[in-house]
Amino acid sequence: MKNQWRLVSALVIVLVIVVFAILNVEPVEVNFGFAKVQWPLILVIVITLILGVAIAVLMATFNSVKTTNAHKEAIAAAQAKIDKLTADNKSLTLRLNNKGKQTRVKADDQPKPTTK
């Protein structure tokens, strides 16, 4: 539902821009600093719109890549911690099991009381 509203909003904005551009077809002078050209206003508006969309897409892509890299680094750090904790757990479990075996062996080594 949320995406549908975004699509409808985008279409309304595009429609407003298209109507505005169609109503303004007079030629306008565009100064690039080194050259002056006369283009129809609709062309200036459409080119500006396309450039704006391209810049927005590039910025969104850059932010997405940056976020993805940050997530990958966080996952790698978390996996390293998990691996370390797993190794520590195995080591401690082994020590605990060996201690239990040593205690049992010591108890078995003691002489048993004889009954007469």
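Residues numbered from 1 in each chain as written. Predicted model: local features only at pLDDT ≥ 70, side-chain atom pairs only at ≥ 80, totals over all residues. Heavy atoms only, no water.

Student: So what exactly am I meant to see when it comes to the packing of aromatic side chains here?
Tutor: Describing an aromatic ring pair means giving the distance of the ring centres and the angle of the ring planes. This model, assessed by the stated rule, comprises two aromatic pairs. Look at F32 and W39: their rings are 5.7 Å apart centre to centre, the planes differ by 65°, and that puts the pair in the edge-to-face class. Residue classification places F32 among the partly exposed residues on the basis of a relative accessible area of 43%. By the ring-pair criterion, three or more aromatic residues cluster together here, those being F32, F34 and W39. (Phe/Tyr/Trp six-rings, centres within 6.5 Å; stacked < 30°, edge-to-face > 60°. Buried < 20%, exposed > 50% of the residue type's maximum accessible area, 1.4 Å probe, protein only.)

Student: Please clarify how the pattern of salt bridges should be interpreted in this entry.
Tutor: Side chains that differ in sign of charge can pair as their charged atoms come close. The final tally for this structure, using the stated rule, is two salt bridges. Between K36 and E29 there is a salt bridge; the shortest N-O distance is 3.9 Å. With respect to class, K36 is no different from E29; both count as exposed. Salt-bridge contacts for K84 lead to D88; the nearest nitrogen and oxygen are separated by 3.0 Å. Placement of both K84 and D88 in helix α2 (residues 41–109) is noted, with a separation of four residues, approximately one turn of the helix. Assessed through its relative accessible area of 54%, K84 is described here as exposed. (Salt bridge = Lys/Arg side-chain N within 4 Å of Asp/Glu carboxyl O. Helix = DSSP H or I, 4+ residues; strand = E, 2+ residues; numbered from the N terminus.)

Student: Could you clarify how one ought to interpret the side chain of N24 in this entry?
Tutor: Along the chain, N24 falls in the loop between α1 (2–23) and β1 (27–31). Not counting the four nearest positions on each side in its chain, N24 is found in contact with L41 and I42. (Contact = heavy atoms within 4.5 Å.)

Student: Hey, could you run me through the pairing of strand β2 (residues 36–40) in this one?
Tutor: Every regular strand shows the same layout, with side chains that alternate between the two sheet faces. Two elements, β1 and β2, share five bridges in a ladder whose sense is antiparallel. In the sheet register, V30 faces β2, and the bridge partner there is V37. In textbook terms, the turn of a hairpin is the stretch between consecutive antiparallel strands, and for β1 and β2 this stretch comprises four residues, one of which, G33, has a positive phi near 95°. (Pairing = 2+ DSSP bridges.)

Student: What's the story with α1 in this structure? I'm lost.
Tutor: Residues spaced three or four apart along an α-helix face the same direction, because each turn holds 3.6 residues. In a regular helix each residue adds 1.5 Å, so 22 residues correspond to 32 Å; α1 covers 32 Å between its end C-alpha atoms and thus fits that length. With one of 22 residues buried, α1 is to be regarded as a mostly surface element. (Expected span 1.5 Å × (residues − 1).)

Student: Honestly, the environment of E29 in this entry has me stumped. Any pointers?
Tutor: Topologically, E29 is positioned in strand β1. Along the backbone, E29 and P40 are eleven residues apart, and their C-alpha atoms lie at a distance of 8.6 Å. Among all residues touching E29, those that are not within four sequence positions of it are K36, V37 and Q38.

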